[in-house]
Amino acid sequence: MKLRVSVIGTGYLGATHAACMSSMGFEVIGVDIDPTKIELLSRGKVPFYEPGLEELLQQEIASGRLTFSTDFQAIKDCDVHFICVGTPQSTNSLAADMKYVDAALDAIAPICKPGSLVVGKSTVPVGTAARLRSKLLEINPKVDLAWNPEFLREGFAVEDTLHPNRLVVGVTSDASEDKLKEIYQKNLAENTPWVRADLPTSELVKVAANSFLATKISFINAMAEVCEAAGGDVTVLAKAIGYDPRIGSRFLQAGIGFGGGCLPKDIRAFMARAGELGADQALEFLREIDSINLRARQRVIELVRKDLSDDLTGKKITVLGAAFKPDSDDVRDSPALDIAVQIAAAGALVTIHDPKAIEPAKKRFPALGFEENVESALKGADLVLHLTEWKQYRELDPVKVKSLVSSSIIIDGRNALDRETWIAAGWKFRALGRAN
Ligand code: UGA
């Protein structure tokens, strides 16, 4: 008989994981303490924007394999329980807040059936899995705990979950590994690399990967600063170094830097944990990665000031993009929104457009100006800031946009627009890491 699966926490990770597990043929129950989320998901509605997820969710609900509940008792007959709750940054430190992970384990530990396996997927400080496993065994000795970090990217969540580029399992026994192999049999049949690790290594793989990605982005943004000072062009530099296969061209897009619910909080939590372990020196460089990243936002604001004679009061600035990256409506630690807030605080009249993230952005910053229609957003602008590289913005016609604005100055904070076409249309074109 096929394994029955529960997914605890139906946010970004959990909702996607639940729908994908169901599409792999398992009977899945998704559980969350938030009744609104469960009500929406039960009706086949995804509470955030993720390409392809809503269609998959509806298909799986219709198949009868996928259900949702707020009642933890619903998981008691399942064979594998995936913990997918969030681990946000604590309000009073750099560390991750573990209260949701602990609450999830406390809720399921007494009711898991003998022989079942609890699998952590949340991003946690190293040592958490071992701690949770001891706690679980004390309450319910016939159950085991494994760790299986998730590497999905927002915007590609379904694809990354169904076809991950590797599967990492932190286990303490062959039996637990075998159960996970049964879960991921379809991926194994596709020759997805399988890495068996111990619990701490599996936790570290996740934060190490995100730290590396953050480092790559901040590296190119540091090069952008040097290019600006030396009169070079970071986009050409990135292209040139990217041809070296040891370096690779991906994640070398210079601009306003990384944001979102993962990279920024993960590198901070990693530093905090290394400090607790007495290995803080090893991760000292991540402090610099964080500073370079935050500095990129300030550098855009400096460009704005330069173009508006250092006085933003009453200037109409159109911000294209609010999401932390395209194909997402996530505005958590969004560099675009942060810049919009800062220039508004300096007196500018800001109008923000985003194809998907206006509602979540408005919820966070109701006092800012928002406009659903991109042309209306551009009308009368003294300066345009391109801050999230949606395809829609690359397809804008600079000649047409010029007829809408009152002053044709654009700052490309993502190095994603075609500079030559904008300049040919008569725009003053600025960008990070290029001659301005
Ligand atoms: C990131 C990782 O890429 C995933 O592998 C990981 O599973 C996930 O975090 C997580 O921990 O859950 P995600 O946050 O969806 O995924 O976003 P990324 O695609 O990594 O982009 C992060 C930020 O870096 C965005 O703000 C993006 O605009 C920025 N970025 C990315 C750059 O500024 N330059 C680049 O070249 C690439």
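Parameters and conventions
- Residues numbered from 1 in each chain as written.
- Predicted model: local features only at pLDDT ≥ 70, side-chain atom pairs only at ≥ 80, totals over all residues.
- Heavy atoms only, no water.
- UniProt positions renumbered as here; feature names shortened; annotations may be inferred.
- Helix = DSSP H or I, 4+ residues; strand = E, 2+ residues; numbered from the N terminus.
- Salt bridge = Lys/Arg side-chain N within 4 Å of Asp/Glu carboxyl O.
- Buried < 20%, exposed > 50% of the residue type's maximum accessible area, 1.4 Å probe, protein only.
- Near = heavy atom within 4 Å.
- Areas by Shrake-Rupley, 256 points an atom, 1.4 Å probe, with all protein chains shown as cover.
- Nonpolar A, V, L, I, M, F, W, Y, C, P; charged D, E, K, R; others polar.
- Contact = heavy atoms within 4.5 Å.
- Domains from an automatic or database assignment.
- Buried area = accessible area lost by both parts, 1.4 Å probe.
- Polar contact = N/O pair within 3.5 Å; in protein donor to acceptor, adjacent residues only side chain to side chain.
- Phe/Tyr/Trp six-rings, centres within 6.5 Å; stacked < 30°, edge-to-face > 60°.
- Lys NZ or Arg CZ within 6 Å of the ring centre and 35° of its normal.
- Pairing = 2+ DSSP bridges.
- Axes fitted to C-alpha atoms, helices over the stretch in contact; angles between N-to-C directions.

- Going by the annotation in an unreviewed UniProt entry, the name recorded for the chain is UDP-glucose 6-dehydrogenase, with freshwater metagenome given as the source organism.
- Here the chain is described in UniProt, under the heading Pathway (unreviewed entry), as follows: "Nucleotide-sugar biosynthesis; UDP-alpha-D-glucuronate biosynthesis; UDP-alpha-D-glucuronate from UDP-alpha-D-glucose: step 1/1."

## Thoughts on the UniProt feature "domain: UDP-glucose/GDP-mannose dehydrogenase C-terminal" (unreviewed entry) in the chain
Then comes step 1: Mapped onto this numbering, the UniProt entry annotates "domain: UDP-glucose/GDP-mannose dehydrogenase C-terminal" (unreviewed entry) at residues 318–419.
Then comes step 2: Secondary structure across residues 318–419 divides into 34% helix and 18% strand, with the first and last C-alpha atoms of the span separated by 18 Å.

## What about the pattern of salt bridges?
A side chain of one charge can pair with a side chain of the opposite charge when the charged atoms of the two come close.
Then comes step 1: Under the criterion given, the structure shown has 35 salt bridges.
Then comes step 2: Here K362 makes a salt bridge to E359, at a shortest N to O gap of 3.9 Å. Of this pair, K362 and E359 both sit in helix α14 (residues 358–364), three residues apart, roughly one helical turn.
Then comes step 3: For K362, a relative accessible area of 34% translates into the label partly exposed.
Then comes step 4: In this structure, E420 engages R419 in a salt bridge whose closest nitrogen and oxygen atoms are separated by 3.7 Å.
Then comes step 5: Residue R419 is classed as buried on the basis of its relative accessible area of 16%.
Then comes step 6: One salt-bridge network, in which partners are shared between bridges, spans D102, D106, R131 and K135.

## Re the site of the ligand
Then comes step 1: Within the structure, the ligand sits among 21 residues, and F151, L152, E154, K206 and N210 are positioned closest to it.
Then comes step 2: Considered on its own, the ligand offers 720 Å² of accessible surface; in the complex 90% of this is hidden by protein.
Then comes step 3: Where the shell around the ligand is concerned, the elements lending two or more residues are α9 (199–230) and α11 (263–276).
Then comes step 4: The element best represented in the shell around the ligand is α9, accounting for four residues.
Then comes step 5: Residue composition of the shell around the ligand, by class: ten nonpolar, four polar and seven charged.

## Remarks on the side chain of E389
Then comes step 1: Considering the arrangement of structural elements, one finds E389 in the loop between β12 (383–386) and α16 (391–394).
Then comes step 2: The contact partners of E389, leaving out residues within four places of it in the chain, are P326, R394, R414 and A416.

## So, the domain arrangement of the chain
Then comes step 1: When cut into domains, the chain gives domain 1 (4–197), domain 2 (207–289) and domain 3 (291–431).
Then comes step 2: The straight-line distance from the C-alpha centre of domain 1 to that of domain 3 is 37 Å.
Then comes step 3: Across the boundary between the two partners, domain 1 contributes six residues, which contact nine residues of domain 3.
Then comes step 4: Interface area, domain 1 with domain 3, both sides summed: about 620 Å², of which 49% is carbon and sulfur.
Then comes step 5: Three residues, Y49, E154 and G155, lead the burial of domain 1 against domain 3; their summed loss comes to 80% of the area buried on that side.
Then comes step 6: For the pair domain 1 and domain 3, the number of links is one salt bridge.
Then comes step 7: The shortest N-O distance in the salt bridge between R332 and E154 comes to 3.2 Å.
Then comes step 8: The tally of links from domain 1 across to domain 3 stands at four residue pairs in polar contact (both at pLDDT 80 or more).
Then comes step 9: Residues that form the side of domain 1 that touches domain 3 fall into these classes: three nonpolar, one polar and two charged.

## Focus on the packing of aromatic side chains
Then comes step 1: A complete count under the given rule lists three aromatic pairs for this structure.
Then comes step 2: Here Y12 and F48 contribute two aromatic rings whose centre-to-centre distance is 4.5 Å and whose plane-to-plane angle is 25°, an arrangement assigned as stacked. Here the residue Y12 occupies a position in helix α1 (residues 12–23), and F48 occupies one in the loop between α2 (35–42) and α3 (53–63), the gap between them amounting to 36 residues.
Then comes step 3: On the basis of relative accessibility, which here comes to 15%, the residue Y12 falls in the buried class.
Then comes step 4: Here W422 and W427 contribute two aromatic rings whose centre-to-centre distance is 5.0 Å and whose plane-to-plane angle is 70°, an arrangement assigned as edge-to-face. Accessibility classification places W422 together with W427 in one group, the buried group.
Then comes step 5: Against the face of F26 rests K2, its NZ or CZ located 4.6 Å from the ring centre.

## Regarding unusual backbone geometry
Then comes step 1: One non-glycine residue, N191, lies in the positive phi region at around 65°.
Then comes step 2: For N191, a relative accessible area of 65% translates into the label exposed.
Then comes step 3: Not every positive phi belongs to a glycine, and D333 is a case in point at roughly 40°.
Then comes step 4: In this fold, D333 is placed in the loop between β9 (316–320) and α13 (335–345).
Then comes step 5: On the basis of relative accessible area, D333 is assigned to the partly exposed category, the value being 28%.

## So, the sheet that holds strand β14 (residues 428–431)
Then comes step 1: The six strands lie next to each other as β11-β10-β9-β12-β13-β14, forming an open sheet whose pairing is parallel. Two strands in the sheet have a free side with no partner beyond their single neighbour: β11 (369–370) and β14.
Then comes step 2: In terms of strand pairing, strand β13 (residues 409–412) meets β14 through four bridges, oriented parallel. Looking at β14, one finds that D412 is bridged to A431.
Then comes step 3: Where α13 meets the sheet, it contacts β9, β10 (349–353) and β12, and its direction lies at approximately 160° from that of β10.

## Re the side chain of D290
Then comes step 1: When you line up the elements, D290 lands in helix α12 (residues 284–307).
Then comes step 2: Judged by relative accessible area, D290 falls into the buried class, the value being 11%.
Then comes step 3: A polar atom in the side chain of D290 sits 2.8 Å from the side chain of R268.

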